[in-house]
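Coordinate inspection notes
This is what each chain is made of:
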Amino acid sequence: MRCGGVCARLVRVSEPGGEPANLVERLRRAIEQHDVEAFGALLADDARWGGDDQPNRCRSRADVVGTLVRGVAAGGSAEIEELVAGDRAVLCALRVRWPYRD
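The residue numbers shown here count from 1 along each chain, following its written sequence. A pLDDT threshold of at least 70 governs which residues receive local features in this predicted model, and a stricter bar of 80 or more applies before side-chain atom pairs are shown or counted, although totals over entire chains, interfaces and linings include all residues. Water and hydrogen atoms were dropped before computing side-chain values, which therefore reflect all heavy atoms in the structure.

**What to know about the overall build of the chain**
Counted only if it meets this: Helix and strand labels come from DSSP, where a helix needs a run of H or I of at least four residues and a strand needs a run of E of at least two; each type is numbered from the N terminus. The cut-offs for exposure are 20% and 50% of the maximum accessible area for each residue type, with area from a 1.4 Å probe on protein chains only; residues under the lower value are buried, those over the upper are exposed, and the others partly exposed. Any two residues whose heavy atoms approach within 4.5 Å are treated as being in contact. Each accessible area is a Shrake-Rupley estimate made with a 1.4 Å probe; only the visible protein chains count as cover when residues are assessed.
Helix and strand counts for the chain come out as 3 helices and 4 strands. For the chain, the N- to C-terminal ordering of α and β elements is β-α-α-β-α-β-β. Evaluated residue by residue, the chain yields a buried proportion of 35% over its 102 residues. Taking contacts inside the chain between residues at least 6 apart in sequence as the whole, the part at least 24 apart equals 53%. A total accessible area of about 6,400 Å² is found for the chain, and carbon and sulfur atoms account for 47% of it.

**What about unusual backbone geometry?**
Positive phi, close to 55°, is recorded for histidine 34, a residue that is not glycine. With respect to the helices and strands, the residue histidine 34 is situated in the loop between helix 1 (20-32) and helix 2 (36-41).

**Observations concerning helix 3 (residues 61-73)**
Defined as follows: Helix span, as expected, comes to 1.5 Å for every residue beyond the first.
Its 13 residues give helix 3 an end-to-end C-alpha distance of 18 Å, which sits within 8% of 18 Å, the value for a rise of 1.5 Å per residue. Turning to helix 3, its buried residues number three or more, namely Val64, Gly66, Thr67, Leu68 and Gly71. Remark: glycine 75 follows helix 3 within two positions and exhibits a positive phi of approximately 105°.

**Comments concerning the environment of aspartate 87**
Relative to the helices and strands, aspartate 87 resides in the loop between strand 3 (77-85) and strand 4 (90-97). Aspartate 87 sits 66 residues away from alanine 21 along the chain, and the two C-alpha atoms are 9.1 Å apart.

**Examining the nonpolar core**
As a reminder, the rule being used: Think of a nonpolar core as a cluster: buried Ala, Val, Leu, Ile, Met, Phe, Trp, Tyr and Cys residues, connected wherever their side-chain atoms sit within 4.5 Å.
Grouped together as the largest cluster of nonpolar side chains are 20 residues, with contacts concentrated most on Leu27, Phe39, Trp49 and Val64. Within the residue set of this core, elements represented by two or more residues are helix 1, helix 2, strand 2 (43-49), helix 3 and strand 4. Top element by residues in this core is helix 1. It accounts for 5 residues.

**Some thoughts on the pattern of salt bridges**
Convention followed: One speaks of a salt bridge when a side-chain nitrogen belonging to Lys or Arg is within 4 Å of a carboxyl oxygen belonging to Asp or Glu.
Enumeration according to the criterion identifies 4 salt bridges in this entry. Its salt-bridge partner being arginine 28, residue glutamate 25 comes within 4.0 Å of it at the nearest N-O pair. With glutamate 25 and arginine 28 both in helix 1, this residue pair falls 3 residues apart, about one helical turn. On the basis of relative accessibility, which here comes to 40%, the residue glutamate 25 falls in the partly exposed class. With a shortest N-O distance of 3.5 Å, arginine 97 and glutamate 79 are connected by a salt bridge. Separated by 18 residues along the polypeptide, arginine 97 in strand 4 and glutamate 79 in strand 3 bring together distant segments of the chain. Owing to a relative accessible area of 42%, arginine 97 belongs among the partly exposed residues under this scheme.

Below you can see the structure in the form of structure tokens.
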């Protein structure tokens, strides 16, 4: 899959209260408040972020959280491009601005 922003399979929906509509609001709050810890709590253990050819690819929750912590600490940011609840999943498209990239 190719995308212009960030490609990810991040959110788990099998937790109690994990209905997609509820997760949409929790994701929105975490991202808008730059709360990496809250965002990390919503990730699947096997979260995948970025394609295999991308330098910042992540293959676990720890990878994603670590990458975000480093990026935010260096002055990076993320904005929601699209956040939609489906029947069994959530689409979360982010536009990430890495501080060390154009």
